[in-house]
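# Understanding the architecture of this molecule
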Amino acid sequence: RLGERVVVFSHVPVSPRAVSLRCGTLCLSWDHDEVLGLLREHGCVKAFFAGHDHAGGYHAEDLWGPRLRTGAAVAGERRILHHVTVEGVIETGSGVGAYATLDFYGSGVAIRGEGRVPSRFLAF
């Protein structure tokens, strides 16, 4: 309603499509279905960042207005909910980093990755 954009940070991922095959559902929050439901119904949530799965992962979830709570989006309005699981430094070889700096803009988030963490732009 206020036109705000929200980015959520958590230690544990909630999207089954943003974790590695090795880690799978063991790396997901035990209540991930409930959390995903809340994220999806609020049109202001644009991205969800997590760790825990050291291999990292990314999934862009395509959502349409009817799946969103009334008032959060117009029927038929499309939005992307970005799920980013940041690669862990513990699995990184000697002399290689694994971190990122985030730059927030009205149009999205720029991830400036270092080492194992890829750079990308998450458009809102």
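What follows concerns the sheet that holds strand β1 (residues 6-9). Spatial ordering of the open sheet is given by β1-β2-β4-β3, a layout of four strands whose pairing is mixed. Each having just a single partner strand, β1 and β3 (57-64) make up the two edges of the open sheet. Going from strand to strand, the sheet's axes swing by 15° on average, the running direction of each strand aside. Bridge analysis of β1 against strand β2 (residues 45-50) gives four bridges, and the strand direction is parallel.

The subject of this paragraph is the pairing of strand β6 (residues 108-115). Relative to β6, strand β5 (residues 98-105) runs antiparallel, the two being bridged by eight bridges. Bridge pairing links Phe104 to Val109 in β6. The turn joining β5 and β6, which pair antiparallel and follow one another in sequence, is formed by two residues. Here four bridges tie β6 to strand β7 (residues 120-123), and the two strands are oriented antiparallel to one another. Residue pairing in the sheet places Ala110 in a bridge with Phe121 of β7. The antiparallel hairpin formed by β6 and β7 contains four residues in its connecting segment.

We now examine the nonpolar core. The nonpolar side chains of a soluble globular protein tend to be buried with one another. Of all hydrophobic cores here, the largest spans eight residues; its members are Val14, Leu36, Leu39, Val45, Phe48, Ala50, Leu63 and Leu81. Contributions of two or more residues to this core are made by α1 (32-41) and β2. Counting residues per element, this core draws most heavily on β2, at three residues. Beyond its immediate stretch of four places on either side in the chain, Leu81 contacts Leu39, Val45, Lys46, Ala47, His59, Ala60, Glu61 and Leu63. Counting residues in each nonpolar core, the second largest holds seven residues, with Val7, Ala47, Val84 and Leu122 among its members.

So, on to the state of the cysteines. Enumeration over the complete set of coordinates arrives at one disulfide. At a sulfur-sulfur separation of 1.3 Å, the disulfide partner of Cys23 is Cys27. A relative accessible area of 17% means that Cys23 is categorised as buried. Of the residues examined, Cys27 reaches a relative accessible area of 3% and is grouped as buried.

Tallied over the full model, the rule gives one aromatic pair. For the ring pair Phe9 and Phe49, a centre distance of 5.2 Å and an interplane angle of 15° mean the geometry is stacked. A residue pair is termed long-range when its members are at least 10 positions apart, and Phe9 in strand β1 and Phe49 in strand β2 qualify at 40 residues. Judged by its relative accessible area of 52%, Phe9 is exposed. The ring of Tyr58 is capped by Arg120, whose NZ or CZ atom sits 4.5 Å from the centre of that ring.

About the thresholds
- Residues numbered from 1 in each chain as written.
- Predicted model: local features only at pLDDT ≥ 70, side-chain atom pairs only at ≥ 80, totals over all residues.
- Heavy atoms only, no water.
- Pairing = 2+ DSSP bridges.
- Helix = DSSP H or I, 4+ residues; strand = E, 2+ residues; numbered from the N terminus.
- Axes fitted to C-alpha atoms, helices over the stretch in contact; angles between N-to-C directions.
- Core = buried A, V, L, I, M, F, W, Y, C linked by side-chain atoms within 4.5 Å.
- Buried < 20%, exposed > 50% of the residue type's maximum accessible area, 1.4 Å probe, protein only.
- Contact = heavy atoms within 4.5 Å.
- Disulfide = S-S within 2.5 Å.
- Phe/Tyr/Trp six-rings, centres within 6.5 Å; stacked < 30°, edge-to-face > 60°.
- Lys NZ or Arg CZ within 6 Å of the ring centre and 35° of its normal.

Don't take any of this as a statement about function, it's just geometry.
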